[in-house]
Amino acid sequence: MLTLAALVILPLSDASATSPGFQSASVCVQCHPAIHKAWAASEHATAFTSAEFQIPYDRIRQDNPSRALTCEQCHNPMRFLLAKGDPRADIFSQEGIGCDFCHSVESVNSTGPWPRYRAIPGIKFGPQGGNPANKAHVTQFSRLHITSEFCAGCHEFRNEYGVPILTTVSEWEQSFYRGEQVHCQYCHLPQLFDARFIDQKKQKGPVDHGMVGGHSPGRLAHAIPLKATLAYSGDEAHLSITLKNETVGHKTPSGLPMHKIRLISTIYDARGNAMSRREELFERLIGDGAGRPLEKPEQVFLEGREVLKDNRIGPKETRVINQRFPLAGVVPASALIKLTYERPVVDNPPETRIIEMPISELTVPAKAESAKIRFLLVALIAIALIGAIIALKNRD
Ligand code: HEC
Ligand code: HEC
Ligand code: HEC
Ligand code: HEC
Ligand code: HEC
């Protein structure tokens, strides 16, 4: 196996995408420690090594090794670009989506055939345009790195049947954020660098390479604020819930079709006993072509033939959900509304379980929609109408 020192001095002259002289993240850490720390804890760093990925990937490899390459394009891109049998494959596999992959990218054809990314190892493409005092490596300003297009090569994907599997980028493209030039980086690589001012080359401090999404409680906390009212009259209670996708630059949930948002509403009586409970799921389901939803990631990516359902909440969209509950003589006192985000995790391989993360929660008191008030309202409207008709008649 090659030592790290050997890696650093690999020839950098060949610009073709197939024989790159990538460098390991253990080189970058010497001078970019803060960025390295955030990246090492990110989903990108473990995109290949995580159990969530390795288990389905293994199932594919056992079935048909050449198909497993599809997965490596995005989950292990440096190894994907190395020549077959290259001894550095192990190092780069440990690093998943490593520093030098992203920073060697010169261009991307996000809808084209693989390899979608053209890499020129040896040049560090970045948002600043290089610092003349920097003798550590060659740097070059890249506009691509501050736009959503950069992320699109991996975060947008249709399989060989043309079924859209990952659609985060097109969801963003259809939103007002695109018009406002609020790119992915603005929310996912934040730090005093405003992607809307693309020519602004000065910035302070490193950008946050944690690139957190739905896996982060902090990210979810303000994402979808809730409002609700609970009214009852006679034998029915009416719960009206308003959800707003406030801070998510694409649909929510997004990314992998297994991500779900669950809305749970429970009505309580004055003693705190639960009277009724409803659940609603916001999700995108991929089917097998015969109406059956696919559950496993490798099936979704490779076998998905149809989109069965998509009721996710769009960027800045407000969704009103009306729920009616029959009442059997008991008066409701309050409603508790909970919104949670769900995703599969593997914590005891190969067992997969679903973890739930809170997004928002709200309790509202019940209000009687009294029959008297309703009668008065109807009477008032009737009087107003009759008045209007008389006034019209008198005009003739
Ligand atoms: C010997 C120190 C050193 C090492 C090792 C190093 N860098 Fe740098 N890098 C720098 C310095 C200095 C700058 C300029 C910093 C500045 O402008 O504030 C820089 C800037 C950058 C930039 C910004 C480019 C721009 O102008 O927009 C990128 C991207 C980058 N480095 C990536 C990497 C990657 C990836 C690695 C590992 C493969 C790496 N660096 C290793 C010292 C180093
Ligand atoms: C206006 C801010 C904003 C912009 C712009 C934005 N995102 Fe997000 N993104 C979020 C928030 C907030 C979450 C967490 C809530 C969620 O997962 O729905 C998130 C979640 C994600 C997730 C995880 C999805 C899930 O449901 O687990 C991915 C992947 C992602 N973003 C990628 C991107 C990409 C790629 C772009 C650019 C095309 C982008 N984001 C643009 C705010 C943004
Ligand atoms: C998934 C792709 C990706 C990975 C992996 C990645 N970067 Fe970046 N990096 C970017 C993008 C995109 C920007 C530009 C963000 C912006 O300014 O809008 C950036 C910005 C930078 C900058 C310049 C801005 C600053 O904060 O100084 C440096 C230096 C840098 N990255 C180094 C690294 C190092 C070192 C690693 C690994 C530890 C790394 N990057 C991993 C995509 C990546
Ligand atoms: C080489 C492919 C690749 C590129 C380029 C890339 N990503 Fe990712 N990204 C992935 C993969 C694969 C994962 C999932 C890793 C995992 O969960 O193990 C991921 C995960 C994420 C997540 C975490 C999602 C979650 O559920 O919490 C966010 C956020 C994200 N990426 C944003 C970005 C942004 C923003 C960019 C562009 C600056 C970008 N990515 C560029 C492949 C890529
Ligand atoms: C076009 C790029 C691309 C391809 C090809 C791809 N993935 Fe992914 N994969 C992603 C991105 C991006 C995410 C992160 C989505 C998110 O979290 O929102 C992801 C997430 C995942 C996850 C969830 C990981 C976690 O930590 O929760 C699994 C599992 C997965 N992919 C398996 C596969 C398998 C198996 C294949 C091959 C059949 C494959 N992927 C092919 C881009 C890709």
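All values reported here derive from a predicted model rather than from experimental measurement. (Residues numbered from 1 in each chain as written. Chains lettered and ligands numbered in written order. Predicted model: local features only at pLDDT ≥ 70, side-chain atom pairs only at ≥ 80, totals over all residues.)

Some remarks on the overall build of the protein
Counting its regular elements, the protein contains 15 helices and 15 strands. Expressed as a percentage of its 396 residues, the buried residues of the protein come to 30%. Restricting to contacts in the protein with at least 6 residues of sequence separation, those with at least 24 account for 58%. (Helix = DSSP H or I, 4+ residues; strand = E, 2+ residues; numbered from the N terminus. Buried ≥ 20, exposed ≤ 12 C-beta atoms within 10 Å, placed from the backbone. Contact = placed C-beta atoms within 7 Å.)

Concerning the site of ligand 2
Near ligand 2 there are 26 residues, and of these Cys-184, Cys-187, Gly-213, Gly-214 and Gly-249 occur at the shortest range. Mapped by element, the contributors of at least two residues to the shell around ligand 2 are helix H9 (149-155), helix H10 (168-173), helix H12 (184-188) and helix H13 (217-221). Each of domain 1 (4-188) and domain 2 (224-368) accounts for three or more of the residues forming the shell around ligand 2. (Near = placed C-beta within 6 Å. Domains from an automatic or database assignment.)

Focus: the site of ligand 3
Of all residues adjacent to ligand 3, which total 25 residues, the nearest are Cys-99, Cys-102, Pro-127, Gln-185 and Pro-206. Looking at the shell around ligand 3, the elements with two or more residues in it are helix H2 (25-28), helix H3 (33-40) and helix H8 (99-104). Looking at the shell around ligand 3, its residues break down into 15 nonpolar, 10 polar and no charged. (Nonpolar A, V, L, I, M, F, W, Y, C, P; charged D, E, K, R; others polar.)

Description of the sheet that holds strand S15 (residues 351-368)
Overall, mixed pairing links the seven strands, which are arranged S10-S9-S14-S15-S7-S8-S13 in an open sheet. Two strands lie at the open edges of the sheet, namely strand S10 (274-282) and strand S13 (318-326), each paired on one side alone. Strand-to-strand twist of the sheet, defined as the mean angle between neighbouring strand axes without regard to direction, takes the value 25°. Direction of pairing for strand S9 (residues 260-269) relative to S10: antiparallel, over a ladder of eight bridges. Considered in S10, the bridge of Ile-267 is made with Ser-276. (Pairing = 2+ DSSP bridges. Axes fitted to C-alpha atoms, helices over the stretch in contact; angles between N-to-C directions.)

As for the packing of helix H4 (residues 51-63) against helix H5 (residues 65-75)
Direction vectors running N to C along H4 and H5 enclose 150°, while the axes themselves pass 7 Å from each other. Classified by the interaxial angle, the pair formed by H4 and H5 is roughly antiparallel. In this structure, H4 contributes Phe-53, Tyr-57, Ile-60 and Arg-61 to the contact, and H5 contributes Pro-65, Arg-67, Ala-68, Cys-71 and His-75. Of the residues in the contact of H4 with H5, the class split is six nonpolar, one polar and two charged. (Parallel < 35°, antiparallel > 145°, perpendicular 65-115°, else oblique.)

What about the nonpolar core?
Counting residues in hydrophobic clusters, the biggest one holds 30 residues, and the most contacted among them are Met-78, Cys-99, Phe-101, Cys-102, Val-105, Ala-119 and Cys-151. Secondary structure elements with two or more residues in this core: H2, helix H6 (77-81), helix H7 (89-95), H8, strand S2 (117-119), H9 and H10. Sorting elements by how many residues they give to this core places H9 first, with four residues. Core analysis: the next-biggest nonpolar cluster, separate from the first, contains 21 residues, Leu-220, Ala-223, Leu-230 and Phe-282 among them. (Core = buried A, V, L, I, M, F, W, Y, C linked by C-beta atoms within 7 Å.)

What about unusual backbone geometry?
Omega for the bond connecting Thr-252 with Pro-253 falls within 30 degrees of zero, at -5°, which places this linkage in the cis form. Note that Pro-253 resides in the loop between strand S8 (236-244) and S9. In this model, Pro-349 is joined to Pro-350 through a cis peptide bond whose omega is 0°. With respect to the element layout, Pro-350 can be found in the loop between strand S14 (332-348) and S15.

Quick look at H4
The end-to-end C-alpha distance of H4 is 18 Å, a good match for the 18 Å that 13 residues give at a rise of 1.5 Å each. Within H4 the residues assigned to the buried category are Glu-52, Pro-56 and Ile-60. All buried residues of H4 lie within an arc of 45° about the axis, which places them on one face of the element. Where the residues of H4 are buried, they touch H5, helix H14 (297-303) and S14. (Expected span 1.5 Å × (residues − 1). Arc of directions from axis to C-beta.)

Digging into H5
Listed as buried for H5 are Cys-71, Cys-74 and His-75. Mapping the buried residues of H5 onto a view down its axis gives an arc of 90°, with all of them on the same face. Of the exposed residues in H5, those oriented more than 90 degrees away from the buried face are Pro-65 and Ser-66. Tucked into the core, H5 has its buried residues touching H4, H6 and H9.

Details of the pairing of S14
With 10 bridges joining them, S9 and S14 adopt antiparallel strand pairing. By the bridge assignment, Ser-265 is partnered in S14 with Ile-337. Looking at chain direction, S14 and S15 are connected through 14 bridges and run antiparallel. Following the sheet pairing, Leu-339 is matched in S15 by Ser-360. What sits between the antiparallel neighbours S14 and S15 is a turn of two residues.

A few points about the environment of Arg-343
Checked against the element boundaries, Arg-343 lands in strand S14. Taking the C-alpha atoms as reference points, Arg-343 and His-259, separated by 84 residues in sequence, lie 5.0 Å from one another. Filtering out sequence-adjacent residues up to four positions away, Arg-343 remains in contact with Gly-214, Met-258, His-259 and Ile-355.

Focus: the pairing of S15
Bridge count between strand S7 (residues 226-233) and S15: three bridges; the pairing is parallel. Within the sheet, the bridge partner assigned to Leu-230 lies in S15 and is Ala-366.

Details of the confidence of the model for the protein
Scored by pLDDT, the protein has a mean of 88; 90% of the residues are at 70 or more. Throughout residues 1-19 the model reports pLDDT below 50, and contacts reaching past four residues in sequence, or to other chains, amount to 26 contacts. Here residues 192-199 is modelled with pLDDT under 50, and outside its nearest four sequence neighbours on either side it reaches 19 contacts, counting other chains as well. (pLDDT = per-residue confidence, 0-100.)

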